[in-house]
Amino acid sequence: KEALLQIEQQKNLIEYHKCSQEIFLASVLAGETRSPGLIKTIEQILAHPLFRNEKNALSFDAKWIFFNAYSTYYWCKADAAQSINYHKKLIELCETSPEHIKEKIINYVSALQNMLSVYLRFRVNDEAAFFNTLNKLKQLPEQFPDKLSQRMEMTLFVSTMIPESNYYINKGDFEEGSSLP
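Quantities reported herein were computed from a predicted structural model and do not represent experimental measurements. (Residues numbered from 1 in each chain as written. Predicted model: local features only at pLDDT ≥ 70, side-chain atom pairs only at ≥ 80, totals over all residues. Heavy atoms only, no water.)

## Description of the overall build of the protein
- When helices and strands are tallied, the protein shows nine helices and zero strands.
- Secondary structure elements in the protein, listed N-terminal to C-terminal, are α-α-α-α-α-α-α-α-α.
- Relative to the 2.2 N^0.38 estimate, which gives 16 Å for 181 residues, the radius of gyration of the protein is 18 Å and therefore close to what a compact globule would have.
- Each principal axis of the C-alpha atoms in the protein carries an extent, and together these give about 60 × 40 × 25 Å.
- In the protein, which comprises 181 residues, the proportion classed as buried is 40%.
- Accessible surface computed for the protein: about 10700 Å², of which carbon and sulfur atoms make up 52%. (Helix = DSSP H or I, 4+ residues; strand = E, 2+ residues; numbered from the N terminus. Rg over C-alpha atoms; globule rule 2.2 N^0.38 Å. Buried < 20%, exposed > 50% of the residue type's maximum accessible area, 1.4 Å probe, protein only. Areas by Shrake-Rupley, 256 points an atom, 1.4 Å probe, with all protein chains shown as cover.)

## Details of the side chain of Thr133
- Inspection of the secondary structure puts Thr133 in helix H7 (residues 127–143).
- By relative accessible area, Thr133 is classed as buried at 5%.
- A polar side-chain atom of Thr133 sits 3.0 Å from the main-chain carbonyl oxygen of Ala129.
- Once you skip the residues sitting within four places of it in the chain, Thr133 turns out to touch Leu112, Met115, Leu116 and Tyr119. (Polar contact = N/O pair within 3.5 Å; in protein donor to acceptor, adjacent residues only side chain to side chain. Contact = heavy atoms within 4.5 Å.)

## Comments concerning helix H2 (residues 36–46)
- All of the buried residues in H2 are Leu38, Ile39, Ile42, Ile45 and Leu46. Down the axis, H2 shows its buried residues gathered within 120° of arc, on one side only. Exposed residues on H2 whose side chains face more than 90 degrees from its buried face are Pro36, Lys40 and Gln44. (Arc of directions from axis to C-beta.)

## Notes on the nonpolar core
- Within the largest apolar cluster, 54 residues are counted, with the highest numbers of intra-cluster contacts made by Tyr16, Phe51, Phe66, Ile105, Phe130 and Leu140.
- Every element with two or more residues in this core is listed here: helix H1 (2–30), H2, helix H3 (60–76), helix H4 (80–95), helix H6 (105–121), H7 and helix H8 (150–171).
- Here this core takes eleven residues from H3, the largest share from any one element.
- Apart from the residues within four sequence positions on either side, Phe51 is in contact with Tyr16, Cys19, Ile45, Leu46, Ile65, Phe66, Ala69 and Tyr70. (Core = buried A, V, L, I, M, F, W, Y, C linked by side-chain atoms within 4.5 Å.)

## Describing unusual backbone geometry
- The backbone of Ala78 shows a phi angle near 60°, a positive value even though the residue is not glycine.
- We classify Ala78 as partly exposed; its relative accessible area is 42%.
- Notably, Arg123 is not glycine yet its phi reads approximately 50°, a positive angle.
- Within the fold, Arg123 resides in the loop between H6 and H7.

In structure tokens:
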């Protein structure tokens, strides 16, 4: 019975991967993230029965693809609230499964970076949420000192410095922004 469940989860994940690759390919071919053609293509992919309910995603990786697909879709539609909603689900998924963060820390970093991008791109005025997300990125080197390469630590530095600087620029608080390291 356990073997059948694992087989079903693998089949499920393969289907989600196929859909994810279709979205990625459509994004590359579209060239711009908010083109009507890309949005229509993603809508067609999200019409797949697997995307009707998150309960259809049977594993951590399938749920990751499900939430990521919707966060991408709503980013393309410039729907900040829904994009934030699905980015939160991605982040919560990771945080409820620390072993997956250790295995695929880049996914967690990506979810946090993308959440910051939504706050900045759509000028979402939620300072507490922005800095909560930013601080999660800043704390990763302390949380996972053995999992981060020097390159990843540099990536994290840039991934926090640029959004934080942009935050202060958007706010018009140049004095605060100029005091960043």
